[in-house]
Every structure is written in C-alpha cells, then in structure tokens.
Amino acid sequence: MKKPRQVRVSWWRGVLLLPLLAASCAGSTGGQTLDIPVAAAGPATAVAGQPLVCGADPAWTITVTAASLHVGAVYLDQSQPVSGAQSTGCILTGTYVAQELAPLDVDVLSPALQPFPALAHAVTTPPALIGEVWLTRGPVDAVPSSTPVQPILTVAGSATRTATGDAYPFTGSVTLEDNYQTSGDAAGGNPICKKRIVTPIPAAVTLAATGGLLLRIDPCRFFTAIDFTALPPGDAAGTYQFSDDPGAADYAPTASNLYANLHSSAPYTFSWTDDL
Amino acid sequence: MSRTEKIRLTRRWRPQARRARAAVGACAVLLACGVPARAQVARARTPATADAPPDASAANSPPSAVPRLASPATGAVFPPVVLEQSQPAYPVEAMAAGPAGDVAVALTIDTAGQVMGAAIVRGAAPALDRAALQAASRWRFKPAERDGVPVPSRIQLLFHFDAPSPAQVAAARAAAPSGAGGAPAPAAPLPVATPVAAPPAEAPADAPPPPGTPRVLDVSVVGRRPPTSRGASDFQIRVDQLAAVPHANASDMLKLAPGILLTNEGGEGHAEQVFMRGFDAREGQDVEFTVGGVPINESGNLHGNGYADTHFIIPELIQGLRVVEGPFDPAQGNYAVAGSADYQLGLADRGLSLHYTTGSFGTQRVLGLFGPEGQSTHTFGGAEIYKSDGFGQNRASQRGSAMGQYEGRLASGSYRLTAQVYSTHFHSAGVIREDDYATGRIGFYDSYDLLPATRQQVTEGGDASRASIAADVETRAGNTTLTQQLFVIQRDMRLLENFTGFLLDVQEPLQSTHGQRGDMLDLNVNELTLGARGAAHLAADLRGLRQELSLGYFARSDRAAGTQQRLEAGTGVPYQTDTDLVSQLGDVGLYGDANLRPWRWLSLRGGARAEVLTYDVLNNCAQQSVAHPSTTDPPIDQSCLTQQDRGRPRLADQRASTSSMALLPRASLIVGPFRRLSFSASYGRGIRSVDPGYISQDVKTPFASATSYEAGASFAGEVAYTTLVARTVVFQTVVDQDLIFSQTAGRNVLGVGTTRTGWLGALRWTGAFFDESANLTLVKATFNDNHEAVAYVPGAVFRSDTALFAALPWHLRGLPVRVSLNGGVTYVGRRPLPYGETSDQIVTVDASAMVAWSHYELRLLSTNLLDSRYRLGEYDYPSDFRGAAQPTLVPERTFTAGAPRGLFLSLGINFGASS
C-alpha cells in the first residue's frame, strides 16, 4: 500500500519564515465585511394565497385581496435619527452598514420569504440602528425614475364599516414621480428623494456571517386612520379608488393618508433570520 | 607633471583605537556628507574609501536614468584604503617642554600599498614631527585604483598631540633609566595623538617628477562636520553603486532605509504617501524632510500640514541620504514624529553629461548634468525635462527641474550657494472600486474620469512648482565649528482629486434642487517660506577623549494661502467652497546637544529642544451652515455665509491665533564598539504641528506629540575584504493624536492616539564587485483606546537593492569596458484595512543592466520586471461611482493600481573629464 507522501519543512526555514508569517497576520481593524442575503415578506400571520384580514381598527374590517410594493433599495445605517426642527438630507450622516441595491416587487400578502435578487454588501461595525426603504424604480433623484412610469404600490380589497356593515370595495396605487415633486424656490427643502425614502425605521439588528436580513411589510398599516367613506368613486360602479394625484381635490384625506402611512416606519420591521 | 585629481569628501573620520589604553590615534579628515553606514566601517580605513566616487554604473529607473559615466581618459578612481595604522606616542624627549599641536604628514603610497615617502606638510615641534613621521611610515594601505588598476597616490594625515599632564611628565621621568642600575620603572601611560577636525587639506604643490616616475594620484580632502550618529536607527546612506538600481524618483531612494513603503494615489506630481516603521506619514506629515538642510515640508498646505513633495530633486544629484527613524536628534524639528530624512546633494562625475531615456508609456527624459573640473563634488548643475503618457488612462505628466549648487572655499571653511526651480503638470487616474473592477465595469488601469457615467470635464491631477535659493557657510576656529544657513522657498500647488465619486453632494433643505454634482476636490495652495538655521559646535578633550557640545537654532516663517472647492462633473464649474484659509505660521526651535564620552567605549548623546509654534489664521469661509437661517434671506446655495443663527448678520471671515511651546528631550546611549559591535538605546519626543484649519483662538496645544523608544545593535567591519554593516533594532512610538485619512475631506484629519511596536534588521554589504543593501521591518500599529489595528499600515516590509559591477577583462581601443547588473526587490505584507479587511501582498522586482565605455553609457531598465498586477494603495470607505441604480453608501474596497512592467533605454554621453 502506498504511504501518503510526507512533507517536511526544515526547522530552520520555519524559524526564518516565522517573522514573515507573523507579520503577514496584519491585525484586525475590528468588524467584518460581509455579503448577506436579504428577503422581504408580508406579515408572518398571513396565509399564502389568501386575503389578509386587518382588524386592528375597531371602525373597519379591511380585507386586502392584493398588495404589491416595489422596493428599490434597502439600507441599514448607524445614525440615530435627529429630532428637532432641522431637516436632514436624503443621505444620512454617519456610516451606512448594509445596502441591498437590487429591486424587488414584494407580494406583501405572502408570509414567504422573497429574496432580493442580489446579495447585500454589509459591514458589522458600527452596529446598525436604523433602516431605510427606498421606494423608487430608478435613481432616487430622477423624475421620472423609470420609463414607462409605474406605481410603487398597488392595493385592492374591501373595507367593511363595523357600525353599518357597509362594504367599500377599493383599489389604489401610489406613484412617486412628478406628481409628488414640489416646485418653487423651497424645493430643496422637500426634494423628491425625501418623498421616496422611508426613514428612520428602527433596525437594531446584529449582522452575522450566517443567516440574513428580513424586511417584513404589514399592508394593514397602510390603511391606518383611513375613512373609506371619503374615498372617491372608482371606475366601476360601486367601487372606490384612492387618488394618485396630490394636486387633485379628492386626494385628501384618503390618498394623503395612504401615502403618509406608506412613507411612515409603521409598516416595516427589520429582523435577522436564520432561514436565509 | 602629475595630474591632480581631487576627490572631495565631507565627513570627519575618527580612527578606531587599537589598544585598550590608548586614546584615539591619528586621524585623516576624509568623510562625505551624510556619514554613510559604509563610512562607519571606514574607521580602520581611510575615509576616502567610504566616499569613493562610484563607478560608472549609477542609474535610476526611468524616468530618471542616473548617469555615472566613465571619464574618457582616467576612468573611475578609488582612493587608498587604510589596512593598518600606527598611532604615535608622545615622544619622551619632548615631555619636559610639553609642546602640543597638529602635525600634517603627506604620504606617498606605492602600488603595493606601502608608504614610499613621508614628508611634513605642517609641523608643530621637531620631536612631534619625528614621532608623526615614524608612525605614519608604518601605515599600510590598499592602494588607490584607477580603472581597476593600482596607482601610486599621495594623501595627507593629521596627527594631534595634546600636552602631557604633570603626572604624566613625572611618570615619564621616573621611568627614565637611572645611573644606579636599578630596574627601570614600568612605562608610564603616555599621551597619544588625538583626532581633530583637520582643516581643509591643501594639495601638495605640483612638481615635475623625474623621468620614469609613475604618475601619482593626489588625494585632497575637504570636509564638513558630519552629524553625530544617534544609534542603530540613524542610517547614513551612501548611494554609491546602488544608484544603478532603478529608483523612480527621490522619494524612492528612501527605500534604502528600512521599513519604508511608498504609495501614490495622486499622480506623478503628487507627493508619495510614505509609510515608515508603522507610521502612515501620508505625504510626509510625520517625517521631517530636508535637502541639504533646506526644509521640504510645507507648513500650511491645505492637503496636509507638512506635505512634502520631493519630485523637484533630480535623483542623479543625490549623493547620500540620512534617515533617522525616530525623533532622537535634538536638531530634528517639526514633523519629525516618525523620523527625518535629509537628502545630501552632490555629483561625483565631473564634466558635462547628457542623457536621453525613452521607453514604455511614451516616456522621454532628457537630463543634463555639469560638474566643473577641479571643483568640489558639491559644485554642480543639473536640468531635467520629462514627459510620459503614463500607463493606463489619465496618467500623463510633464515636468522640468533645474538644480545648481556652488561650493567655495574660505580660509577656515566653506560656503555653498544652492538654487532650484521645478514645475510640473500631471494627471491622475484616481481610485477604482473593487466591485466595479470585478464586474468588468472598469479596467484595472482605467479611470472613472473617462467613463461615460462618471465623466469629468476637469479630470484628476494637478500642477506644482517650487523655487528656492539657499546659502550656507561653515567655518572652523580651533575646536569650534560654526554653521549658518538661510533659505527662501516659494511653492505653488493645485490638486484635483475625487475619492468618493458622486456621494457627498447631498440635497440640503435650503439649496436649489440638485442631484449629485460630483465630489471633485480642487485644492490650491500658494506658500512662501523664509528661514534660517545655525549651530555652534564646540569640541574639547577630556582624558584624551573628545567631548562635544552643540547649540543650535532653527527658524522659519510661512505664509500660506489655500482654497478647496468642489467642481461639477459635467462642466468643471465650482459649486461649493469647502475651505479658504490664509495662514501666517511661525516655527522657532532652539536646541542643545551634547556628545559625551566618559570612557572610550561609552557615548552619551543628546539634549533637548524647545520649539515654539505660532499660528495666525484667517478663515475666509468661517460660517458654512446655520441651524435656523433667515426666512427672508435664506443662504440657498452660498458656501460662505454672512449670517448666523436666525439670520443675525456677520462677516464671512474669522481670524484665530494661538501659540504653544514644546520641550522635547532626546537622548542616545551608545556602547562600544567591542570587536566591531556597538549597542545603543535611544529616547526622544517629537511633534507635528496641526493643520491651520483646526486652530481656534488660543487653543493650547496646536500640535500632536510622539514619544519614541528604541534599542539596537550594530556591526560594522571588514569581512574577507568586504565591508559589512548590519544592525537590528526594536522600537516603540506612542502618538497622542494620530492623523487618519478622510476620503470625504480629501486629507488627513486628527484622530485618537496610537502605538507602534516593531523590529527592524538591515545590512549593507559592499565589496570590490558588488553592493548589497537589504532590510526587513516588522511592526504592529494599534489604536490606544481599543487596541485595534491602525488601517493601511503594513506589518512587514522587505527591500533588497543589489548592484554587481565589474570591468571586463578586455579593453576597447585601450579603454576599459565596464558592466553592471542591478536589481531591487520589494515585498510588502498584507495591510489591515477598515472593517476587518486586509489588503493583498505586494512583490515587485526592478532591474537594470549597463554597459559603459569611454564617453558613452548604455542602460536598459525594467520596472516591475515580473509584470505583477498589484494594488499599490488599497482602501475601504464609502464611495459612489454610479455603478448601480441606487447609490453605493456602504464602505467598499477601492485601490490604486501599481504600474505594469516598463522597459526603458537610456543613452548617456559625457563630454567632461573625470570623476
């Protein structure tokens, strides 16, 4: 039987090489650089293929039959949100610690993890404190962000008024393009990028070499404090539709609240999962 | 008539005492500036050997081909080398009268190295003269050589006799034979000759030799007082044959000292980033750079206070280099935190020489050098014109440089006048993101400035110019040496750099709506420096041992005006002012430095330096943001605001001034030599003044300080007819405020304290046909607060420079043909990068081959002979060069590419006479 080949290194060569080997261990600056998987999903309580029933509002029972959200990018950042009157720019100060730049259309009625098409680039230090969801189909400053123009959010369902039992079938979409761009000298104070970026979202997650980042989106939170009785009529008789034009007379209060809920941190939750 | 060929050397040599009881014997004053390591070995040899003019093999890599041409008639010359010396004892017969003084003896040395003639040039007393002649006649030499052939030579030695003490006189009398026939008393210890700094030697008068007398080579020596060694980390580097190893520029010569790594992300006209013993000294901010004592560091430079661009130095005019790795010499001033580097200029070859180099990347270089016949090697002129398309994209450059120096003799010393002018225009490729390179979006040697998505109207690069004049004088009166230098420097620089792409131009609330316009930084500085330095050096003998004391000063005044703006990518129009400063800076240092020898084997060197730094800074853009701007007159897009919070009016500018003093003790202990081994330990504190932009009114300490410790051992001696100098050093340096590079600011910013601990080993081995320099440095650099590694500092750096040279065994038309092969190897270990990353290792090999005959020299050079594709600089920070639909905000690896293999051909012609 053939013996395995033995490789020996002269001891004196090892002694001579030892300083170089030791020095080749360059020391650590702390932390790690990782490429991590990222996924998005609807509420964990949702049932795949089934409408989502939202009962948190005692005045309404909302059954969401369709909800799709286009997420253009996801970021984690070390910055604490700044309170007070001072506005912030679209890019926060401090270090961004994770970025998922590949877009994803998320079925927010499905509890299944829907992975983003590319890994996210991340560093483990400093620790993440907040997350951002960028609702854009192209460059966040560009108007239009894509051609043809497409909505960021589409929803459909039916809202039943608890007091009367009346049903309000509804549809809606939110498009964040020139319809949301402010004109005038003060435009810098409210640029389109701020309209498209949801921030700050609490995200005190610890990044690791195994597992991945999970973004759960709860569509029930899109309809917080919405009076469906104020919805304008839709195209089909007996239906209602959220306006997608902030300049239209029927935009407020319903569509305004829909956008405000979409743009708030409430529907979004970041966590670390071992299922990726 | 004998043809006199003068070899000018500028180091004071102290011969090594051979007997335990004896003091130092005779000395010959022959030393080159810079006290090269090799010269330390020359203690037992004539110093002339340590300063032997290099053979015609010196060269640098393109674009700087260093010429060292054969003299058309006489060829390369080496002076005689001492093999055995004899020290005269004080003659007994002179004890009663007790004369003292210096005796100069001229020796004629034959081709066997024997003394065939000795004559008194200048005597002191008959008995002393006889003693000196007798001792000198017993010296034995390796003969002088011309073109490798031994020739007779003439050289001067100087013997100093101290007057005997009364005790010694009494002992001598007691030892005299008595008429009573008693046993003679033991010989009393007699005073022996002690070394002194010899005055400039005068060449013996030429007289027609008798027919058949071989031509004798006169070796005439003048010297300047060399700096006192501070121990194992004091590297006095004589370039010599190693000039033939390809070196791109003057900064590259630093690699002859241990632990040096050079990178450059800014282009040919941008100063190199210097890593020295674990320090990221950036573009010289932690290293005090001088050329012949004239400062190179620029105080008030916006890119980094202490920025040091050495590209104006023509490498062929570098004769030596003194690198002190650590703040151990009281003469070291501001910026000497990691250490100091002083370039010593000189041109050994006399006559007029022209060189033309061409090769890869469209490189062309024309160099003219002139060394007047009969003048010192420190009298020279040089001019260089250079252009290159550069490798890859956006790396073209052009430069012109001229340097001249004249050294004149005084009755008791010498003076020098130096002038230089330099100008360059260059482009830079900038950095490359690793992910963009990995996906094929950009090539390894490409530039974002030319990529369609990130195209810049004004691409990276810049301009620089420098002009300076300096005058210095050194005189001696007895045991006192006085030096004085004045200098004026004018410097202008423009840098265009973009490290972050399209990241920083964030929409602010009150600005007009805009997207990312680009982060191109346009920095301009204009500086004027006036300064002076001087010292008095006193020497005295105590118990037959030389004791020295130096008192010195340094003063410089700088006026610097600097602006930094950001340029819009598509138009090149500035859209934001980051900085606008006008600074008046003062720096005055006063030091005392002693060199005490209580015993022959023990030297205590050191003293203290007091440094005063003053700042008067006018910030023309002091207010750049307000929390609650005026609602009726919002600043909109203004960079420099004329309003405070809630719209209260103010002027845009603000002045701040401060001053501070630092006391910097420095000391070295040197023990030995014992059998050619010496041991040393050193301690010192150094400072680095902070950027004027950090100055606020009356801030207490406008400088960072470092404390350094080290211990080491050195060996210097002859081994089998070769010269070997080797040393090993362990060191540690603690800095209270380190400089950390900020890619967003485009320059260093103050950070927290750091500590560097390490070891270095170095050797220089020279022989008749080879010159080898090798060094290895291992270092660990950590932050003091969390003990994490300091980014970008290499843990291991190895460098080897090798030169092989010889005269071929046949002659062509009666003249020898000389050849040389030269190589340099660099290894850089992995460097820690931010966020737990590490860089690649770097291995590069440079080589050259040279043939020289008569007036001509032909050289073939290759840089990066193995054509390694390597990342010269590696970083990890956020940047966005539009590689994705959304901005890339998370730190990512970026790098600057090292040059691919380059091949260059250089032709040189010498129209002059000799070397």
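No experiment lies behind these values; they were computed from the predicted model shown.

A. Structural context of the overall build of chain A. Tallying secondary structure elements over chain A gives three helices and 16 strands in all. As displayed, chain A offers around 13,200 Å² of accessible surface, 56% of which is attributable to carbon and sulfur atoms.

B. Examining the sheet that holds strand β15 (residues 294-295) of chain B more closely. Taken together, five strands build an open sheet; the order of strands is β10-β16-β17-β14-β15 (chain B) and the sheet is mixed. The sheet is open, and its two edges are formed by β10 (234-238) and β15 of chain B, each paired on a single side.

C. Expanded view of a nonpolar patch on the surface. A grouping of B:W599, B:W601, B:F674, B:L677 and B:F679 is seen on the molecular surface, where their side chains present a nonpolar patch of about 480 Å² in accessible area. The residue B:W601 is located in the loop between β28 (574-599) and β29 (602-619) in this model.

D. Region of interest: the interface of chain B and chain A. Counting residues at the interface gives 34 residues for chain B, matched by 40 residues for chain A. Between chain B and chain A the total buried area reaches about 3,000 Å² when both faces are included, carbon and sulfur atoms providing 63% of it. Summed over the three residues of chain B that lose the most area to chain A, namely B:Y835, B:Q886 and B:V890, the buried surface amounts to 23% of that side. One can count zero salt bridges joining chain B with chain A. Counting every contact that joins chain B to chain A gives twelve residue pairs in polar contact (both at pLDDT 80 or more). Taken together, the residues of the side of chain B that touches chain A break down into 18 nonpolar, nine polar and seven charged.

E. Spotlight on the confidence of the model for chain A. Residue and element names in this part refer to chain A. Summing up the model confidence of chain A, the mean pLDDT is 86 and the portion of residues at 70 or higher is 85%. Mean pLDDT per element in chain A: helix α1 (residues 11-24) is the minimum at 48, and strand β2 (residues 38-41) is the maximum at 98. Counting interchain partners and residues more than four positions distant, the pLDDT-below-50 stretch residues 1-19 has two contacts.

F. Structural context of the nonpolar core. Residues and elements named next belong to chain A. In this structure, L69, L76, F223, F228, Y268 and F270 are the most contacted members of the largest nonpolar core, which totals 77 residues. A per-element tally of this core places strand β4 (residues 60-71) first, with six residues. When near neighbours in sequence (up to four residues on either side) are disregarded, F270 contacts V74, L76, G131, E132, V133, I201, P202, A203, V205, L213, L214 and L215.

G. How the structure looks around the environment of B:T754. Residues and elements named next belong to chain B. Examined against the element boundaries, T754 turns out to sit in strand β36 (residues 754-766). Placed 582 residues apart in sequence, T754 and A172 show a C-alpha to C-alpha distance of 62 Å. If we skip the residues at most four places from it in the chain, T754 touches T733, V734, V735, D738, T782, F783, N784 and V790. Here the side chain of T754 touches D738 through a polar contact of 2.5 Å, side chain to side chain.

H. Representation of the sheet that holds strand β12 (residues 273-276) of chain B in the model. All names here are of chain B. If you walk across this open sheet you meet the three strands as β11-β12-β13, and the pairing is antiparallel. Looking along the sheet, the strands with just one partner apiece sit at the ends: β11 (260-263) and β13 (279-280). Sheet topology places β12 next to β13; two bridges connect them, and they run antiparallel. Across the sheet, the residue bridging to F275 is D280, located in β13.

I. Representation of helix α3 (residues 126-137) of chain B. All names here are of chain B. Helix length check: α3, at twelve residues, gives a terminal C-alpha distance of 16 Å against a target of 16 Å (1.5 Å per residue), a fit within 8%. Within the sequence span of α3, burial applies to A127, L128, D129, A131, A132, A135 and A136. As for α3, its buried residues are in contact with β3 (101-109), β4 (115-122) and β8 (153-161).

J. The pattern of salt bridges, seen in detail. Residue and element names in this part refer to chain B. The full count for this structure, using the stated rule, is 38 salt bridges over all chains. Linking D771 and R764 is a salt bridge whose minimum nitrogen-to-oxygen distance equals 2.7 Å. For the pair shown, D771 and R764 are each scored as buried. It is possible to trace a salt-bridge network through shared partners that takes in R230, D234, R322, D329 and D593.

K. Examining the environment of B:V291 more closely. Residue and element names in this part refer to chain B. In this structure, V291 sits in strand β14 (residues 287-291). Take V291: its relative accessible area is 9%, and that puts it in the buried class. Remark: the alpha-carbon pair of V291 and I318, spanning 27 residues in sequence, is separated by 9.3 Å. Aside from chain neighbours lying at most four places away, what touches V291 is I296, F312, I313, D342, Y343 and L345.

L. Looking closely at the state of the cysteines. All names here are of chain A. Evaluation of the coordinates by the stated rule reveals three disulfides over all chains. Two residues share a disulfide in this structure: C90 and C193, whose sulfurs sit 1.8 Å from each other. Judged by the sign of its S-S torsion, about 75°, the cystine formed by C90 and C193 is right-handed. Of the two residues, C90 sits in the loop between β5 (73-77) and β6 (96-100) while C193 sits in helix α2 (residues 192-196), which places them 103 residues apart along the sequence.

M. Spotlight on the packing of aromatic side chains. Per the counting criterion, the structure on display carries 32 aromatic pairs over all chains. Ring geometry for B:Y437 and B:F444: centres 5.3 Å apart, planes at 70°, overall edge-to-face. A residue is classified by how much of its surface remains accessible, and B:Y437, at 24% relative accessible area, is partly exposed. Looking at B:F444, the relative accessible area reads 4%, which means it is buried. Put simply, the rings of A:W60, A:Y168, A:F170, A:F223, A:F228, A:Y240 and A:F242 touch in pairs and so form one group of aromatic residues.

Rules and cut-offs
- Numbering of residues begins from 1 in every chain and follows the order in which that chain's sequence is written.
- All chains are assigned letters beginning at A, and all ligands numbers beginning at 1, according to the order in which they are written.
- Whole-chain, interface and lining totals are the exception, using all residues; otherwise, since this is a predicted model, local features are given only for residues with pLDDT of at least 70 and side-chain atom pairs are given and counted only at 80 or more.
- Hydrogens and water molecules were not included; the side-chain quantities draw on all heavy atoms of the structure.
- To qualify as a helix, a DSSP run of H or I must reach at least 4 residues; to qualify as a strand, a run of E must reach at least 2; elements of each kind are numbered from the N terminus.
- Exposure was quantified through the Shrake-Rupley algorithm and a 1.4 Å probe, taking into account, for residues, occlusion by the shown protein chains and nothing else.
- Strand pairing requires that DSSP identify at least two bridges connecting the strands.
- Excluding any residue in a salt bridge, patches collect residues exceeding 30% relative accessible area, merging like charges within 9 Å and nonpolar Val, Leu, Ile, Met, Phe, Trp and Tyr side chains within 5 Å.
- The salt bridge criterion pairs a side-chain nitrogen of Lys or Arg with a carboxyl oxygen of Asp or Glu, the two atoms within 4 Å.
- Contacts are assigned to residue pairs with any non-hydrogen atoms lying within 4.5 Å of each other.
- In this description, buried area is defined as the sum, over both parts, of the accessible area (probe of 1.4 Å) that is lost when the two are combined.
- Any N or O atom pair separated by 3.5 Å or less is treated as a polar contact, with the protein-specific requirement of one donor-capable and one acceptor-capable atom, and with residues adjacent in sequence counted only for side-chain atom pairs.
- Each residue is assigned to one of three groups, with Ala, Val, Leu, Ile, Met, Phe, Trp, Tyr, Cys and Pro labelled nonpolar, Asp, Glu, Lys and Arg labelled charged, and all others, Gly among them, labelled polar.
- For every residue, the pLDDT score states the predictor's confidence, bounded by 0 at the bottom and 100 at the top.
- In these notes, a set of buried Ala, Val, Leu, Ile, Met, Phe, Trp, Tyr and Cys residues joined through side-chain atoms within 4.5 Å is what counts as a nonpolar core.
- Partly exposed residues are those whose accessible area sits between 20% and 50% of the maximum for their type, while under 20% is buried and over 50% is exposed, using a 1.4 Å probe and protein chains only.
- In a helix, the anticipated span is given by 1.5 Å times the number of residues less one.
- Put simply, a disulfide is two cysteine sulfurs that come within 2.5 Å.
- Here a pair means two rings of Phe, Tyr or Trp (six-membered ring of Trp) with centres within 6.5 Å. Their orientation is stacked below 30 degrees between planes, edge-to-face above 60, and tilted elsewhere.

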